[in-house]
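Topology and contacts: notes
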Amino acid sequence: MPSHAELASRLLRDAAAFFKTIAEQNPPLKEQMDENAAVFEQVADLVETNPTGHVDDSQ
């Protein structure tokens with residue numbers, strides 16, 4: 001049974017794949033969809049490597 005963090009990272013990666021598919025099928029949206037996919041993949045990495053970490057939003 002997956003942990004909540006594992007499930008969250010899978011969902012984030014699935015969403016990234018969805019954005020990549022939209023990017024491939026719709027050239028006018030490609031740049032934005034690729035950016036969205038990258039953000040979702042970065043958050044998935046964070047959830048996998050440090051599931052209880054905090055975001056430094058002091059910038």
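Going by the structure above, here's the rest.
In this text, all values refer to a predicted model and were calculated from it rather than measured experimentally.

1. What to know about helix H2 (residues 30-49)
- Relative to the 28 Å expected for 20 residues at 1.5 Å per residue, H2 spans 28 Å between its end C-alpha atoms, a close match to the ideal helical length.
- Restricting attention to buried positions, one finds in H2 the residues Met33, Asn36, Ala37, Ala44 and Val47. When H2 is viewed along its axis, its buried side chains cluster within an angular range of 100° and face the same direction. Away from its buried face, by an angle of more than 90 degrees, H2 presents the exposed residues Glu31, Gln42, Leu46 and Thr49.
- Lining the buried residues of H2 we find helix H1 (4-25).

Conventions we followed
- Residues numbered from 1 in each chain as written.
- Predicted model: local features only at pLDDT ≥ 70, side-chain atom pairs only at ≥ 80, totals over all residues.
- Heavy atoms only, no water.
- Helix = DSSP H or I, 4+ residues; strand = E, 2+ residues; numbered from the N terminus.
- Expected span 1.5 Å × (residues − 1).
- Buried < 20%, exposed > 50% of the residue type's maximum accessible area, 1.4 Å probe, protein only.
- Arc of directions from axis to C-beta.
- Contact = heavy atoms within 4.5 Å.

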